[in-house]
Amino acid sequence: LAIISENPAALPTTSSSFAFGDIDTDNDLDLIEGKSSNQPDLVWFNDGLGNFTESGQELGGDTNSLYLELGDLDSDGDLDLVMVKGWLGAGGWESGRVFRNDGQGVFTDSNQVITANSSLPLGDLDGDGDLDMIAIDYELLVYLNIGAEFDDCNADGVLDDCEIANGEPDCDDNGEPDTCQEDTDSDGVIDPCDGDLDGDGIPNECDVDELPVFADSGQILENSDPGDISSLVLGDLDADGDLDMVVGNGCDPGQIYSNDGTGTFTNSGQSLMGGCFFELMLGDADGDGDLDIFAAVGGKGSWVYIFNNDGSGVFSPNGQYITQGDRVALGDMDSDGDLDIAVYRNLSGVGILLNDGQGGYLDTGQVLTTQGAFPYNLSLGDIDTDGDLDLVVGTGKHWLPFDAPADVVFTNDGNGTFTDSGQALGPQNTHAVVLGDVNGDEHIDFITGTWSDANRFYLNNGSGAFNDSGLVWGTNYGLTTIVALLDISGDGDLDLIEGNMWGPSRISFNDGQANFSTNIQELPSFTSTYWPSLATGDIDDDGDLDLAIPGTSGTLIFLNEYGPDCNQNGAIDSCEITYGIS
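Please read all numbers here as calculations on a predicted model, not as lab measurements.

Trainee: Would you mind showing me how to read the overall build of the chain here?
Mentor: When helices and strands are counted, the chain shows two helices and 39 strands. When the 582 residues of the chain are sorted by exposure, 51% land in the buried category. By sequence separation, contacts in the chain at least 24 residues apart represent 40% of the contacts at least 6 residues apart. Carbon and sulfur atoms form 51% of the exposed surface of the chain, whose accessible area is close to 24400 Å².

Here is the structure:
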């Protein structure tokens, strides 16, 4: 029996629990005093002779502590503290807390929560050399320590280490286990808390083996009607070496933003007049070496305007407009070295216009029929590997998913004359298409984004015939308005971006074999009454791809926290000096 004091005034009568241990590592027993009557717990230091002095620390807030346990939870040689708090009346039991010791007896709340209403004995239950925990919460609970992390990151009342042990962590509460919650490098730390996921000694944010993360830059390019952003496109408009932006604002005038080279945009004051810009594209229409603007106008009438660039980023209409067309694709279809146009001609199909080399466009008279469906999206690529650009048309019927048509493939003879290949892909209500080699076989594959069905992958057999791979992504009725293929992670294969109006937009990383099912990053859903797009490019000139997407208050800029590795040492160049990596 140890007598702390014979003076009842030395320790107030509001004490509810005690824990003894060498808190400040001076080889004597100190005291944690658990308080009742809605008072914080106190820490008392022993001078070695049994005289106790209050440290001035107040732990746990104004509640009641029922049980206290001391133990070295984080294997750093000092005693940490676990406390069980008391009954809150109608509020039930307050969650327990974990406090970490700095070795000098100063405790810091780790913000970890323990579900328990009774004692918390600590011991090495699984024989791995650290302290585990038994808790009572109307039932016996066993918590295994996998690195002193007693977190409950999704606040579901189950500690993360137990969720991982059961194979069912779900920190984003999406109803599916989070594979990222594993301990991939077996260092005993849950990966979201781990600064080096693969254990190669390079911090995650510097490691080229880790996947990039897109962060909202906080920059918002406001416009007169933020909810009606219809199209975004990036390009070096003023020939200063960085990417500027053109924004289509629905039926309001389009705007041009200049980049200062660091990813900060300024409104140039120019307005693009002419109607409701459903789609914007950049290309050198007149062969003078700068980027001109192709603006596809929809609404009561539909046509394509061309705005010529004077070389410094100042635009003026060239006086030519192409009737019937609010969706376009640009490419050299007749192999003469200039940009031609494929244009959506309402329900009649797709028209082909060839460039005369000076920016004048001549209608070939071709009408590529799409079986009475709307050609919502057009994509050009050499699908049959014969050296010219073929055309894939994604078709749909606005708000009529129950009668969705099939997508159509047209092959080019090399002179800009197209023939229906006879392929009918679907049916599905397609509103976005993209071409690219997703499985690394050097043949161009076909991906659809739909309004009323899961989005699909079609793989090319090498001769231009597409086979449904059976791979699907996204969910029904996500209203996917754009899909894009880009090597975002810098690993040599094409990753996938989908822009959705109903549900989050997403980035899916490719493993090189067209498996996009894991490592998905979600971005805000598109907010627009139109069918908006996104824009990708190196906005901040750091060597990786960034994003611009339409948001509720304007255009949002998301910067890629990834970067290049010029010396191929496994560390992103911009991080090497910061972290002293050689």
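Now that the structure is up, let's keep going.
Trainee: Help me understand the sheet that holds strand β12 (residues 214–221) in this model?
Mentor: On the basis of which strands lie adjacent, the open sheet formed by four strands has the order β12-β39-β38-β37 and antiparallel pairing. The open sheet has two edge strands, β12 and β37 (535–537), and neither has a second partner. Averaged over all pairs of adjacent strands, the angle between strand axes in this sheet comes to 20°, irrespective of strand direction. Bridge count between β37 and strand β38 (residues 546–550): three bridges; the pairing is antiparallel. In the sheet register, T536 faces β38, and the bridge partner there is L547.

Trainee: I keep staring at the side chain of N259 and nothing clicks. Help me out?
Mentor: Tracing the sequence through the fold places N259 in strand β15 (residues 252–259). For N259, the side chain forms a polar contact with the main-chain nitrogen of G261, separated by 2.9 Å. Every residue in contact with N259, bar those within four places of it in the chain, is listed here: D240, D242, L243, D244, T264, F265 and I539.

Trainee: Is there a simple way to think about the sheet that holds β15 in this case?
Mentor: Strand pairs in the sheet, formed through backbone hydrogen bonds, run parallel or antiparallel to each other. Spatially, β13-β14-β15-β16 is the arrangement adopted by the four strands of the open sheet, whose pairing is antiparallel. In this open sheet, the two edge strands, each paired with only one partner strand, are β13 (231–235) and β16 (265–272). Ignoring which end each strand starts from, the neighbouring axes of this sheet average 20° apart. The sheet contact formed by strand β14 (residues 244–249) and β15 spans four bridges and is antiparallel. Paired with V247 across the strands is Q255, a residue of β15.

Trainee: Whenever I open this one, the nonpolar core confuses me. Can you help?
Mentor: Where a protein is soluble and globular, its nonpolar side chains tend to be buried together. Among the nonpolar cores identified, the biggest contains 14 residues, and A342 and L391 are the most heavily contacted of them. Within the residue set of this core, elements represented by two or more residues are β23 (350–355), β25 (374–381), β26 (390–396) and β27 (407–412). No other element matches the three residues that β23 contributes to this core. In this structure A342 touches R327, V328, A329, M333, V350, G351, I352, L378 and L391, once residues within four positions along its chain are discounted.

Trainee: Any chance you could explain the pairing of strand β35 (residues 505–508) here in plain terms?
Mentor: Look at any regular strand and the pattern is simple: side chains alternate between the two faces of the sheet. Judged by which residues are buried, β35 turns out to be covered on both faces: S505 and I507 on one side and R506 and S508 on the other are all buried. Strand direction decides the pairing type here: strand β34 (residues 495–500) and β35, joined by three bridges, are antiparallel. Along β35, the bridge assignment pairs E498 with R506.

Trainee: Quick question: what am I supposed to make of the packing of aromatic side chains here?
Mentor: Centre-to-centre distance and the angle between the planes together describe a pair of aromatic rings. Scanning the entire structure with this criterion turns up five aromatic pairs. Ring centres of W303 and Y305 lie 6.2 Å apart, and the angle between their planes is 90°; this geometry places the pair in the edge-to-face category. With a relative accessible area of 24%, W303 lands in the partly exposed category. Looking at Y305, the relative accessible area reads 21%, which means it is partly exposed. Taken together, W303, Y305 and F307 form an aromatic cluster joined through their ring pairs.

Calculation criteria
- Residues numbered from 1 in each chain as written.
- Predicted model: local features only at pLDDT ≥ 70, side-chain atom pairs only at ≥ 80, totals over all residues.
- Heavy atoms only, no water.
- Helix = DSSP H or I, 4+ residues; strand = E, 2+ residues; numbered from the N terminus.
- Buried < 20%, exposed > 50% of the residue type's maximum accessible area, 1.4 Å probe, protein only.
- Contact = heavy atoms within 4.5 Å.
- Areas by Shrake-Rupley, 256 points an atom, 1.4 Å probe, with all protein chains shown as cover.
- Pairing = 2+ DSSP bridges.
- Axes fitted to C-alpha atoms, helices over the stretch in contact; angles between N-to-C directions.
- Polar contact = N/O pair within 3.5 Å; in protein donor to acceptor, adjacent residues only side chain to side chain.
- Core = buried A, V, L, I, M, F, W, Y, C linked by side-chain atoms within 4.5 Å.
- Phe/Tyr/Trp six-rings, centres within 6.5 Å; stacked < 30°, edge-to-face > 60°.

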